[in-house]
Structures are given as C-alpha cells and as structure tokens.
Amino acid sequence: MFQKKTIKDIDLNEKKVFVRVDFNVPLKNGKVVDDTRIKAAIPTIQYLLNCNAAVILASHLGRPGGEPKEEFSLKPVADYFEHLIDARVLFVNDCMGAMVEEAAKNLQNGEILILENTRFHPEEEANDPLMGAKLASLADVFVNDAFGTAHREHASNVGIAKHIPAVSGLLLEREINYLGNTISDPEKPFIAILGGAKVSGKINVIDNLAGKVDYFLIGGGMANTFFAAQGYKMGDSLVEEESLGIAKEILKGTGKKLLLPIDVVISDEFSASANNKTIPIGDIPESWSIMDLGPLSLNKFGKIIRDSKTIVWNGPMGVFEFPAFAKGTFSMAKIVAESNAVTIVGGGDSAAALKESGLSEKITHISTGGGASLKMLEGSLLPGLEALNDK
Ligand code: AMP
C-alpha cells in the first residue's frame, strides 16, 4: 500500500498548489523531441485544475550548473505544454524573487504558471533551506510528481516539503506502486532482465532482488564480466576487472537463478560497420568483442519470459546504438511486450527501445526515471518520497 498522502487525500479547492514535475525532456534546436515525461505529468495537473486549484509548475532541465543558461531554459517546454492542456498557461523567467512572487500571487484558480529551471540557482542542488522556504511561500500545498528526480535531495522536492502540506502526485504514486510494491510482493514466477554496460551499476539491484526472483536473465556488457569470472577469455570485450571478485560471489550466491547468454554476436572492432559473427559462448577470439545476444539466447530467455507472471527489465542487451548490434535489445522488447505478465520497465535505454518499436502501450508500466528506478530496484528509500506527509 502507498504510505504517503496523495492529491486525492486533501482539499485542493481554490488552493495555490506548487507542483514539482519532471519536465527534464530532450530538446533539439529549441524544440521538444520526446514529450513522454510532459504527458506523464498531465493526469496530476488536470486533476488539480478540476479541483479549481491555481497550479504552479517547477522543474529542472539538464545540468546548467547553478546559473542561468539559455539552452537550458524551460520556455520551449512551456510553449509546448500550452498546446497539451485546456487552460491559461503563463511562464516566468525565474523560480524565485519578486517577479515570481507577484506572478504567483496574481495566478487565478484554473490557471497554470510555469517557473524557469530550478537549477539556474546553485541553492537547488545544495538543498539550501532558504530556497526551500522561498518556494514554499509561493503556495498553500506542495505536490511532488517528479519521479525522475525523487532520488535527489534538492530544494524543490525535499526542502520545500518541510514548510507546507506535502503530498504525492498521481505519477509518483504509480511509479512507487509498480517499482516498489509490485516488486516486493510479485506474482510468481518473477524474473528480472538486466543489461547495460556494467555489473558495478547493478550489484545492489541483484542483491535486493536475489531473494525474490525466480531468474535473473543477464545480457549486455554486464554479462561479459560474469563470463570472465567463469574463466573465459573475453578478447577485447568490455570487462570490469575490478568487479571480477564480486561477479564470482554473485554467481556463487545466485546459482542456477542467474542465466547468462549461450550465444553472442561478436565484432572485430567497436563500430557500426565492424565485421560480425554469431558464436556459442566460449573463449572470444583475440581482438574481437561481444556486442549483442545471439538467437539461441533469445530463444532460451524467451521461453522463461513467456512462463512468468511478473517481469522487470532494465538495460539494453547489446550495443543497441549500432543497428548491427541492436537485434538482441529490440527482440527482447518484443518478447517482453508480448508477454501476458505484469511488465515493468526501468527508464532509459530499454524504454527507448520499446518506444522506437512502437510497443510502449503493451507494457504495464514504463518508468519515467532512469536513476530513480534503479534506486527503487535496489530497495533504497527516495528522499523525494520520504519528505512527503504520511497517510
Ligand atoms: P547502462 O547505462 O549501464 O544501462 O549501459 C547502457 C550502455 O551499455 C549502452 O550504451 C550500450 O551500448 C552498452 N552496452 C550494452 N551491451 C554492451 C556490450 N556488450 N559491450 C559494450 N557496451 C555495451
């Protein structure tokens, strides 16, 4: 059960509501190129408008380093957002100061005010108490709906929550329900598909899930370190020498639960146009590298996926940025999408592969947060969630 108060638990009629959203979206030439996160925030914003609240939206965008920089302005996002909602949308080019206070004071119920990038001030990432207090002074209620930054302790998601009633938005609640509650009490068989470059980034995830999963299906560069730990020669494959010890311990601790690829696609250089061939797993020839999962591995993993009831997937199965080595990741996206299980996908590369394949709709929950979803899979508490009022 979700432990924190949400927007459904409090009176919002004619209230000024400060909502921390995650509008940290990719821009190209000043245009939004992926609106997933913006659209994911709309149910909460629409709910607040329906309650006749005046809505102040705050977010960060990129890493401006604590000073105003035009390429990190939220103005293009505000312009884009305006077309997605049936309400008056205003923008103010700072998030603190007299101008912002004036704009917030004049904001009418049913209107939306978007503030400029919170990271234009160094106080944001330092969680400076004064900034938290200033942001809180703009509103009656604080709503956190920014799952993507919930693993950070910043002024606009943690500091502000000390001063006014602080509740969860609908997106944050949904993310926590899937990445926390579903995974801690999953319908079995439960499997975790893990990929990406490194074992080191996923050790805590494996530790946290080891007692819960029926299988770990491992792909991507992280499988290489496990193969090296088993004594195979890895050629030029990406191997984390410093993680060999922990990889051996994981192999011992997880035993038959941890499944590695049985065949792989290798290449003679790390490039899109490299020569490649598919081989059964064994010693990798000198100067060749593992780049992707092979078809036998996909077949083997596919059978297990089809038999499972709960699936969590985080990380690509190969160097999917190069089309020649994207097959493992895109085939995995298809297999997961076709499963009848509850499917939960961490943000980032796996989410991008699903989107590119047009399969996102078939997934139960695709997270809007990369780092934050990994923290959840590690079983860590998120400061942005902890700061909210208990039910
Ligand atoms: P991560 O950020 O740890 O999820 O890793 C994502 C990155 O892992 C992607 O950029 C992939 O290109 C990379 N990756 C996946 N498989 C391999 C591999 N076999 N060798 C090198 N890099 C890989």
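This one's a predicted model, so the numbers in the text were calculated from it and none came from an experiment.

**Quick notes on the overall build of the protein chain**
Helix and strand content of the protein chain: 14 helices and 17 strands. Relative to the globule expectation of 21 Å for 391 residues, the C-alpha radius of gyration of the protein chain, 23 Å, shows essentially globular dimensions. C-alpha atoms of the protein chain, sized along the principal axes, occupy 70 × 45 × 35 Å. For the protein chain, contacts bridging at least 24 residues in sequence account for 73% of all contacts bridging at least 6. Accessible surface computed for the protein chain: about 16700 Å², of which carbon and sulfur atoms make up 49%.

**Side note on the side chain of Thr-149**
Tracing the backbone through its elements, the reader meets Thr-149 in the loop between strand 7 (141–144) and strand 8 (166–168). Classification of Thr-149 by relative accessible area gives buried; the value is 3%. In this structure, Thr-149 is in contact with Arg-20, His-60, Arg-119 and Asn-157, ignoring residues within four places of it in sequence.

**What about helix 6 (residues 170–184)?**
Each α-helix turn comprises 3.6 residues. Residues three or four places apart therefore point the same way. With 15 residues, helix 6 should reach 21 Å at 1.5 Å per residue; the first-to-last C-alpha distance of 20 Å fits that figure. The largest bend along helix 6 measures about 35° and falls at Asn-177. Among the residues making up helix 6, those that are buried are Leu-170, Leu-171, Leu-172, Glu-175, Ile-176, Tyr-178, Leu-179, Gly-180 and Ile-183.

**Let's talk about the domain arrangement of the protein chain**
Its domain assignment divides the protein chain into domain 1 (7–174) and domain 2 (186–378). Inter-centroid distance (C-alpha atoms) of domain 1 to domain 2 is 35 Å. Taken together, the contacts link 10 residues of domain 1 with 12 residues of domain 2. Carbon and sulfur atoms supply 59% of the area that domain 1 and domain 2 bury against each other, a total of about 810 Å² over both sides. Between Asp-34 and Lys-355 there is a salt bridge whose closest N-O contact spans 3.0 Å. Counting across the interface, domain 1 meets domain 2 through five residue pairs in polar contact (both at pLDDT 80 or more).

**Some words on the pairing of strand 10 (residues 215–218)**
Summarising the sheet, strand 9 (residues 190–194) and strand 10 pair through four bridges and their orientation is parallel. Looking across to strand 10, one finds that Ile-193 is bridged to Leu-217. After leaving strand 9, the chain enters helix 7 (residues 203–209) and then returns to the sheet as strand 10, a path that is right-handed.

**Let's talk about the pairing of strand 16 (residues 342–345)**
With four bridges connecting them, strand 15 (residues 310–314) and strand 16 associate as parallel partners. Within strand 16, the position partnered with Thr-310 by the bridge is Val-342. What joins strand 15 to strand 16 is helix 11 (residues 327–338), and the crossover it makes is right-handed. Across two bridges, the pairing between strand 16 and strand 17 (residues 365–366) is parallel. Within strand 17, the position partnered with Ile-344 by the bridge is His-365. A crossover links strand 16 with its parallel partner strand 17, the connecting element being helix 12 (residues 349–356), and its sense is right-handed.

**Section: the pattern of salt bridges**
For the structure shown, the criterion picks out 13 salt bridges. Of the charged contacts, one joins Glu-111 and Arg-88 as a salt bridge, the two residues approaching to 3.1 Å between their closest N and O atoms. Note that Glu-111 is positioned in the loop between helix 3 (98–106) and strand 6 (112–115) and Arg-88 in the loop between helix 2 (75–82) and strand 5 (89–92), a separation of 23 residues in sequence.

How each quantity is defined
Residues numbered from 1 in each chain as written. Predicted model: local features only at pLDDT ≥ 70, side-chain atom pairs only at ≥ 80, totals over all residues. Heavy atoms only, no water. Helix = DSSP H or I, 4+ residues; strand = E, 2+ residues; numbered from the N terminus. Rg over C-alpha atoms; globule rule 2.2 N^0.38 Å. Contact = heavy atoms within 4.5 Å. Areas by Shrake-Rupley, 256 points an atom, 1.4 Å probe, with all protein chains shown as cover. Buried < 20%, exposed > 50% of the residue type's maximum accessible area, 1.4 Å probe, protein only. Expected span 1.5 Å × (residues − 1). Bend = angle between axes of the 7 residues up to and from the residue. Domains from an automatic or database assignment. Buried area = accessible area lost by both parts, 1.4 Å probe. Salt bridge = Lys/Arg side-chain N within 4 Å of Asp/Glu carboxyl O. Polar contact = N/O pair within 3.5 Å; in protein donor to acceptor, adjacent residues only side chain to side chain. Pairing = 2+ DSSP bridges. Right-handed = clockwise from strand over helix to strand, strands pointing away.

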